[in-house]
Amino acid sequence: MDQIRNLSLRKTIFFYMAAALFCSFLLSAVLARMAKQTQMQIWWHYVDEEAYYEAVEKEGSSYIADLPRPDPYEMTHADHFVSELCDFLQTYAILLLSMAGSCGAVFLFYQNKLRKPMEELAQASKMIAANHLDFSISYQNQDEMGRLCREFERMREQLSQNNKLLWQTVEEEKMLQAAIAHDIRAPLTVLKGYQEMLMEYLPSEDLDVGQAMEMLSESGHQIERMDDFIEAMRKLSSLENRKPTPRMITVRELEKDIQAELSILEKEYGKQCVLQAAESEGTFYGDPEIMLEVMENLVSNALRYGKQQITIMVKANHAELRICVRDDGDGFREDAEKITEAFYGQNVKDSLKHAGLGMYISRL
């Protein structure tokens, strides 16, 4: 049965038709013989038995006795009808049974070879049109319809994979946009702080020209940071594809950049930040923009949840840069894997102000 089920469509229809015609010929022969015998029994009732036996005794090589066909008016209505029916069956039984057998063969061919795969393909087409791809085609025969179903299943899997990739791309773009908005906020906060300081202290002449120029220089540096960051993000399709642009940097230079931003963040949050940097004059190879972004995310997080004082410890050498941020808050209630997920937030109120990307970006 497995071999028959896995035959090709051409071989299967040939097999069904041959079997149907053979059965039709065999059945028609049996039916014609039975009709002949029934007709002879009816005719025997209307034959002169004495004359018939005399004729049989005279049979020879040139003479064969046979039952004569009674005239219609000699037979009863029922016998005449049955006799005519037997004539019809002897003449047309093979034709009728052959047609019936062929129709049966076609019906069985459709039921066994076409109906199930066609129904599955029709249902699969409707589901694909409705963008429902979480299904599978179960027809696995090794015939042409089986190959068609497997190709259709391969197409469905590819469509499902393409949809997942498309959805992933959309999510990555969404994440990238959120990250740009998130990381550009820190330089803007610094610029806003310098602007407020200049507007507050310049009219009262509490700032000298050197301090004002230093603030303007640091503001220009923050603007350059935003330009570089936006240009880098513009070329990316996801955060994971961002490439560092390292250069030689000194520990003192990194410490100065961190301290410049801490002075603004302290004023915004109203909390004290203490920077502890190791005494070192060495240089190392790294991307200062990425370092500052990580530091800003960690410090901003600490300032939101800390109570009074934030401590930032920086230690760097040619092989390693370590930035440790500590606060006096309650600490995280989740493990490290949880808090570094994208869009993580400990409460709804916090998520209204922050996207929950700082720790995720820092981890990347």
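Looking now at a negative patch on the surface. Where like charges cluster on the molecular surface, the negative patch consists of D48, E49, E50, E54 and E57. By secondary structure assignment, the location of E49 is in helix α3 (residues 49–57).

A separate point is helix α2 (residues 9–44). For α2, spanning 36 residues, the distance from its first C-alpha to its last is 52 Å, which sits close to the expected 52 Å at 1.5 Å a residue. What α2 keeps buried is the set L9, T12, Y16, A20, S24, S28, A32, A35, Q39, M40, I42 and W43.

This part covers helix α6 (residues 185–201). Here α6 is 17 residues long and its end C-alpha atoms lie 24 Å apart, about the 24 Å a rise of 1.5 Å per residue gives. Residues of α6 that are buried: A186, P187, T189, V190, L191, G193, Y194, M197 and L198.

Taking every second residue as pointing to the same face, the buried face of strand β2 (residues 272–277) carries C273, L275 and A277, while none of Q272, V274 and Q276 on the other face is buried. Relative to strand β4 (residues 309–316), β2 runs parallel, the two being bridged by six bridges. Residue pairing for β4: Q276 is matched across the bridge by M313.

With that settled, the discussion passes to the environment of A19. Tracing the backbone through its elements, the reader meets A19 in helix α2. Overall, A19 belongs to the partly exposed group, its relative accessible area being 32%. Separated by 86 residues in the primary sequence, A19 and A105 place their C-alpha atoms 8.2 Å from one another.

Let us now look at the pairing of β4. When β4 meets strand β5 (residues 321–327), the two strands line up antiparallel, connected through seven bridges. In the sheet register, A316 faces β5, and the bridge partner there is L321. The antiparallel hairpin formed by β4 and β5 contains four residues in its connecting segment.

Across the sheet, three strands lie side by side as β2-β4-β5; this open sheet has mixed pairing. One side of each edge strand has no neighbouring strand; the edge strands of this open sheet are β2 and β5. Neighbour to neighbour, the strand axes of the sheet diverge by 15° on average, direction disregarded. Strand contacts of helix α8 (residues 251–269): β2, β4 and β5, with the helix running at about 175° to β2, the strand carrying the most contacts.

Before going further, it helps to spend a moment on the packing of α2 against helix α4 (residues 77–129). α4 packs onto α2 with a crossing angle of 165° between their chain directions and a minimal axis gap of 8 Å. Comparing the axis directions of α2 and α4 gives the class roughly antiparallel. Read as a crossing pair, α2 and α4 show a hand that is right-handed. A per-class count over the contact of α2 with α4 returns 23 nonpolar, 11 polar and four charged.

The full count for this structure, using the stated rule, is two aromatic pairs. Their ring planes at 50° and their centres at 6.1 Å tell us that F15 and Y16 sit as a pair that is tilted. Looking at R156, its charged tip hangs above the ring of F135, at a distance of 5.3 Å from the centre.

A few words on the nonpolar core. Ranked by size, the top nonpolar core spans 19 residues in total, and within it L254, I258, L262, F284, V299 and I312 carry the most contacts. Looking at this core, the elements with two or more residues in it are α8, β2, α9 (288–305) and β4. Among the elements that make up this core, the one with the highest residue count is α9 (six residues). With sequence-adjacent residues up to four places away left out, I312 is seen in contact with L262, C273, V274, L275, Q276, V299, I323, C324 and V325. Judged by nonpolar contacts, the second largest core, of 16 residues, contains L9, Y16, L121 and I128.

Calculation criteria
Residue positions are counted from 1 within each chain, in the order its sequence is given. At least 70 in pLDDT is required for a residue's local features to be given in this predicted model, at least 80 for side-chain atom pairs to be given and counted, and no such filter applies to totals for whole chains, interfaces and linings, which use all residues. For the side-chain quantities, the full set of heavy atoms in the structure was used; hydrogens and water were omitted. A residue counts toward a patch only above 30% relative accessible area and without a salt bridge, and it is joined to like-charged neighbours within 9 Å or, for Val, Leu, Ile, Met, Phe, Trp and Tyr, to nonpolar neighbours within 5 Å. Every accessible area reported is derived by Shrake-Rupley at a probe size of 1.4 Å, with residue values counting cover from the shown protein chains alone. By convention in these notes, a salt bridge is any Lys or Arg side-chain nitrogen within 4 Å of a carboxyl oxygen on Asp or Glu. We score Asp and Glu as negative and Lys and Arg as positive, and we do not count His or the chain ends. Positions of charges follow a simple convention, taking NZ of Lys, CZ of Arg, CG of Asp or CD of Glu. Numbering of helices and strands starts at the N terminus; helices are DSSP runs of H or I of at least 4 residues and strands are runs of E of at least 2. Between the first and last residue of a helix there are one fewer steps than residues, each counted as 1.5 Å, and that sum is the expected span. Only protein chains enter the accessibility calculation, which uses a 1.4 Å probe; a residue whose area is less than 20% of its type maximum is buried, one above 50% is exposed, and one in between is partly exposed. Strands are treated as partners if at least two bridges between them are detected by DSSP. The axes are straight lines fitted to the C-alpha atoms, using for helices just the contacting stretch, and the angles between their N-to-C directions are given from 0 to 180°. A contact between two residues is defined here by any heavy atoms of the two lying within 4.5 Å. Here the word oblique covers every angle except those under 35 degrees (roughly parallel), over 145 (roughly antiparallel) and from 65 to 115 (roughly perpendicular). In a left-handed crossing the near helix is turned counterclockwise from the far helix by less than a right angle, and in a right-handed crossing that turn is clockwise. Any residue that is not Ala, Val, Leu, Ile, Met, Phe, Trp, Tyr, Cys, Pro, Asp, Glu, Lys or Arg is counted as polar, Gly included; the first ten are nonpolar and the last four charged. Think of it this way: a Phe, Tyr or Trp ring, Trp meaning its six-membered ring, pairs with another when their centres are within 6.5 Å, and the plane angle makes it stacked under 30 degrees, edge-to-face over 60, tilted otherwise. Any Lys NZ or Arg CZ that is within 6 Å of a ring centre and within 35 degrees of that ring's normal is treated as a charge sitting over the ring. The criterion is simple. A nonpolar core is a set of buried Ala, Val, Leu, Ile, Met, Phe, Trp, Tyr and Cys residues joined through side-chain atoms within 4.5 Å.

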